[in-house]
Amino acid sequence: MKTLIGLFLAALLSVTLSVGAQANPAHEHHAHNAAAAEASHACPMHPEVTGKTGDSCPKCGMDLEAKHTHACPMHPKVTGAAGDSCPDCGMDLEPVAAKGEHCANCPKKAMNHQHH
(Lines give C-alpha, C1' and ligand atoms only; values in the text may rest on other atoms or scores of the structure.)
Protein backbone atom coordinates (compact mmCIF):
# COMPACT_ATOMS: atom_id res chain seq x y z
CA MET A 1 0.00 0.00 0.00
CA LYS A 2 2.87 2.39 0.84
CA THR A 3 4.40 1.62 -2.56
CA LEU A 4 1.14 2.50 -4.32
CA ILE A 5 0.83 5.81 -2.46
CA GLY A 6 4.52 6.58 -3.19
CA LEU A 7 4.01 5.93 -6.91
CA PHE A 8 0.88 8.09 -6.96
CA LEU A 9 2.67 10.98 -5.23
CA ALA A 10 5.67 10.65 -7.58
CA ALA A 11 3.37 10.75 -10.63
CA LEU A 12 1.49 13.75 -9.24
CA LEU A 13 4.75 15.57 -8.55
CA SER A 14 6.02 14.76 -12.04
CA VAL A 15 2.86 16.12 -13.71
CA THR A 16 2.93 19.25 -11.54
CA LEU A 17 6.56 20.00 -12.40
CA SER A 18 6.06 19.43 -16.13
CA VAL A 19 3.03 21.76 -16.25
CA GLY A 20 4.97 24.39 -14.29
CA ALA A 21 7.95 24.10 -16.64
CA GLN A 22 5.74 24.61 -19.68
CA ALA A 23 4.08 27.73 -18.22
CA ASN A 24 7.31 29.34 -17.04
CA PRO A 25 8.92 30.14 -20.47
CA ALA A 26 5.85 32.12 -21.52
CA HIS A 27 6.07 34.11 -18.32
CA GLU A 28 9.79 34.75 -18.85
CA HIS A 29 9.08 35.83 -22.44
CA HIS A 30 6.63 38.50 -21.28
CA ALA A 31 9.03 39.59 -18.57
CA HIS A 32 11.80 39.90 -21.18
CA ASN A 33 9.57 42.04 -23.43
CA ALA A 34 8.74 44.29 -20.49
CA ALA A 35 12.44 44.57 -19.64
CA ALA A 36 13.26 45.42 -23.27
CA ALA A 37 10.62 48.15 -23.25
CA GLU A 38 12.06 49.51 -19.99
CA ALA A 39 15.60 49.51 -21.50
CA SER A 40 14.83 51.46 -24.66
CA HIS A 41 17.25 54.25 -23.69
CA ALA A 42 20.94 54.26 -22.76
CA CYS A 43 23.51 56.71 -21.41
CA PRO A 44 25.71 58.23 -24.16
CA MET A 45 28.77 57.96 -21.89
CA HIS A 46 27.91 54.65 -20.18
CA PRO A 47 26.04 52.44 -22.72
CA GLU A 48 25.70 49.66 -20.15
CA VAL A 49 23.33 51.93 -18.16
CA THR A 50 19.87 51.52 -19.64
CA GLY A 51 16.39 52.70 -18.76
CA LYS A 52 13.31 54.38 -20.13
CA THR A 53 12.35 57.87 -21.30
CA GLY A 54 13.05 60.48 -18.63
CA ASP A 55 15.64 58.44 -16.71
CA SER A 56 19.13 59.74 -16.04
CA CYS A 57 22.46 57.97 -15.64
CA PRO A 58 23.35 57.30 -11.98
CA LYS A 59 27.07 57.49 -12.85
CA CYS A 60 27.23 60.86 -14.61
CA GLY A 61 23.73 62.35 -14.35
CA MET A 62 23.21 62.65 -18.13
CA ASP A 63 19.74 62.05 -19.54
CA LEU A 64 19.38 58.66 -21.19
CA GLU A 65 18.96 58.85 -24.98
CA ALA A 66 17.01 56.54 -27.30
CA LYS A 67 19.11 53.61 -28.48
CA HIS A 68 19.95 53.61 -32.15
CA THR A 69 18.07 50.96 -34.04
CA HIS A 70 19.10 49.46 -37.36
CA ALA A 71 17.04 49.30 -40.54
CA CYS A 72 17.42 48.09 -44.11
CA PRO A 73 18.40 50.90 -46.52
CA MET A 74 16.06 49.47 -49.16
CA HIS A 75 13.24 48.35 -46.83
CA PRO A 76 13.12 50.86 -43.90
CA LYS A 77 10.27 48.99 -42.24
CA VAL A 78 12.63 46.04 -41.65
CA THR A 79 14.42 46.79 -38.37
CA GLY A 80 16.69 44.86 -36.07
CA ALA A 81 19.99 44.94 -34.24
CA ALA A 82 23.55 45.52 -35.42
CA GLY A 83 24.75 42.59 -37.51
CA ASP A 84 21.27 41.56 -38.67
CA SER A 85 20.42 41.40 -42.36
CA CYS A 86 17.22 42.13 -44.28
CA PRO A 87 15.14 39.01 -44.99
CA ASP A 88 13.83 40.62 -48.21
CA CYS A 89 17.08 41.61 -49.93
CA GLY A 90 19.90 40.29 -47.72
CA MET A 91 21.52 43.71 -47.15
CA ASP A 92 23.07 44.43 -43.75
CA LEU A 93 20.94 46.65 -41.54
CA GLU A 94 22.42 50.12 -41.00
CA PRO A 95 22.05 52.44 -37.99
CA VAL A 96 19.05 54.73 -38.15
CA ALA A 97 19.81 58.38 -37.38
CA ALA A 98 18.22 59.61 -34.17
CA LYS A 99 15.75 62.48 -34.32
CA GLY A 100 17.58 65.65 -35.32
CA GLU A 101 20.61 63.81 -36.73
CA HIS A 102 21.49 63.60 -40.41
CA CYS A 103 23.55 61.11 -42.30
CA ALA A 104 27.08 62.09 -43.31
CA ASN A 105 26.15 62.55 -46.99
CA CYS A 106 22.78 64.27 -46.42
CA PRO A 107 22.32 67.26 -48.78
CA LYS A 108 20.65 69.30 -46.03
CA LYS A 109 23.67 68.92 -43.78
CA ALA A 110 26.00 69.98 -46.60
CA MET A 111 23.89 73.07 -47.35
CA ASN A 112 23.83 74.11 -43.68
CA HIS A 113 27.62 74.05 -43.46
CA GLN A 114 28.50 75.81 -46.73
CA HIS A 115 30.28 79.10 -46.23
CA HIS A 116 29.82 81.82 -48.85
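Residues numbered from 1 in each chain as written. Predicted model: local features only at pLDDT ≥ 70, side-chain atom pairs only at ≥ 80, totals over all residues. Heavy atoms only, no water.

All right, on to the overall build of the protein then. Per the secondary structure count, the protein includes two helices and six strands. In the protein, the succession of α and β elements from N to C terminus is α-β-β-β-β-β-β-α. By the burial criterion, 13% of the 116 residues in the protein qualify as buried. Residue pairs in contact within the protein that sit at least 24 positions apart in sequence constitute 18% of those at least 6 positions apart. When the accessible surface of the protein is split by element, carbon and sulfur atoms take 61% of a total near 9300 Å². (Helix = DSSP H or I, 4+ residues; strand = E, 2+ residues; numbered from the N terminus. Buried < 20%, exposed > 50% of the residue type's maximum accessible area, 1.4 Å probe, protein only. Contact = heavy atoms within 4.5 Å. Areas by Shrake-Rupley, 256 points an atom, 1.4 Å probe, with all protein chains shown as cover.)

The next subject is the sheet that holds strand E2 (residues 50-51). In space, the three strands of this open sheet follow the order E2-E1-E3, with antiparallel pairing throughout. Looking along the sheet, the strands with just one partner apiece sit at the ends: E2 and strand E3 (65-66). Alignment of strand E1 (residues 41-42) against E3, held across two bridges, turns out to be antiparallel. Along E3, the bridge assignment pairs Ala-42 with Glu-65. (Pairing = 2+ DSSP bridges.)

Here we have three strands laid out as an open sheet, ordered E5-E4-E6, and antiparallel in their pairing. Edge positions in the open sheet fall to strand E5 (79-80) and strand E6 (94-95), since each of these has one partner strand only. Here strand E4 (residues 70-71) pairs with E6 via two bridges, running antiparallel. When the sheet's bridge partners are listed, His-70 is paired in E6 with Pro-95.

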